[in-house]
Every structure is written in structure tokens, then in C-alpha cells.
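# Overview (structure and organization)
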Amino acid sequence: VQLQASGGGLVQAGGSLRLSCTSSARIFSSTAMGWFRQGPGKEREFVAAINYGGDTKVYADSVDVRFTISRDNRKNMVFLEMNRLKPEDTALYYCASRLQGWGSIERSPSEYGYWGQGTLVTVSS
């Protein structure tokens, strides 16, 4: 499975960005997806996850209300809408996929078998 993330960039604090991720998985519609991020000098952390059908979503406390995860199973894509961005949101954002057919949400990076290359989000103050 290959994951291609895009949509990162430089934005001022308070601004918005929309990240996209395209998966090559054959059974994308049965597989849970997640977004993680790694800021400068920090460990990779959970941001958001969505179950296979898109009706269950979870968020890290630090992004809840400001970020929205969604998916389009017809296009094999998952999205992360980020609003009211803060400088502390600056990070390399990774799209991740659970093993094909594993549809439930997990927060731990170890539960995800496939990772994209990351897309950089920089929020200036």
C-alpha cells in the first residue's frame, strides 16, 4: 500500500489548510486511516483517526474542534481540514493506514502498517 499526502504549506496563525492523502489500497473502504504529526524535536504524535465507514472519528485533545478528519471511499482518499492553526501545530504531517481490512480506530502509531512520506505544515506567529 502506498500513501501520498499533500496540502501542506506555510500559513499564518489563525489560518486554515486542508491535507489530502491518496491510498493505493485495494480495500480502502474497509480500512481505518489516521493522521499523525512530528514537530521539531518531538516524537510522532496522534492527531486524528477515522474508521472504515467514516462515521466514527477521534481526535487528539490538542486539535479537537479545530481539525476535522474525513474520507471519500470512492476516491481512496482521506482528508484533514485544519482551522484556527497555531504555531504549535507546525510539524510534518503523516497519513497512515491500518492493515487492509482492519477497520477500527486506533491512536497508537504501532497499529498502523503503512505510512506516507509526510507533508510539512508551518504556522507562523
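Calculation notes
Residues numbered from 1 in each chain as written. Predicted model: local features only at pLDDT ≥ 70, side-chain atom pairs only at ≥ 80, totals over all residues. Heavy atoms only, no water. Pairing = 2+ DSSP bridges. Helix = DSSP H or I, 4+ residues; strand = E, 2+ residues; numbered from the N terminus. Axes fitted to C-alpha atoms, helices over the stretch in contact; angles between N-to-C directions. Core = buried A, V, L, I, M, F, W, Y, C linked by side-chain atoms within 4.5 Å. Buried < 20%, exposed > 50% of the residue type's maximum accessible area, 1.4 Å probe, protein only. Salt bridge = Lys/Arg side-chain N within 4 Å of Asp/Glu carboxyl O.

## Looking at the pairing of strand β7 (residues 67-72)
Taken residue by residue, a regular strand's side chains alternate between the two faces of the sheet. Both β7 and strand β8 (residues 77-82) contribute to a ladder of 6 bridges, which runs antiparallel. Considered in β8, the bridge of Phe67 is made with Met82. Between β7 and the antiparallel strand that follows it, β8, lie 4 residues; Asn76 among them carries a positive phi value of about 55°.

## Overview of the sheet that holds β8
With antiparallel pairing, the 4 strands of this open sheet are ordered in space as β1-β3-β8-β7. The open sheet has two edge strands, β1 (3-6) and β7, and neither has a second partner. Averaged over all pairs of adjacent strands, the angle between their axes in this sheet comes to 15°, without regard to strand direction.

## Things to note about the nonpolar core
Counting residues in hydrophobic clusters, the biggest one holds 33 residues, and the most contacted among them are Trp35, Leu80, Met82 and Tyr93. Only β1, β3 (17-23), β4 (33-38), β5 (45-50), β7, β8, β9 (91-97) and β11 (119-124) provide two or more residues apiece to this core. Among the elements that take part in this core, β5 stands out by supplying 5 residues, more than any other.

## Notes on the pattern of salt bridges
Enumeration over the complete set of coordinates arrives at 6 salt bridges. Linking Arg37 and Asp89 is a salt bridge whose minimum nitrogen-to-oxygen distance equals 2.9 Å. You can see Arg37 sitting in strand β4 and its partner Asp89 sitting in the loop between β8 and β9, a full 52 residues away along the chain. Where Arg98 meets Glu111, a salt bridge forms, and the shortest distance between an N and an O atom there is 2.8 Å. One end of the pair, Arg98, is in the loop between β9 and β10 (114-115); the other, Glu111, is in the loop between β9 and β10, and 13 residues separate them in sequence.

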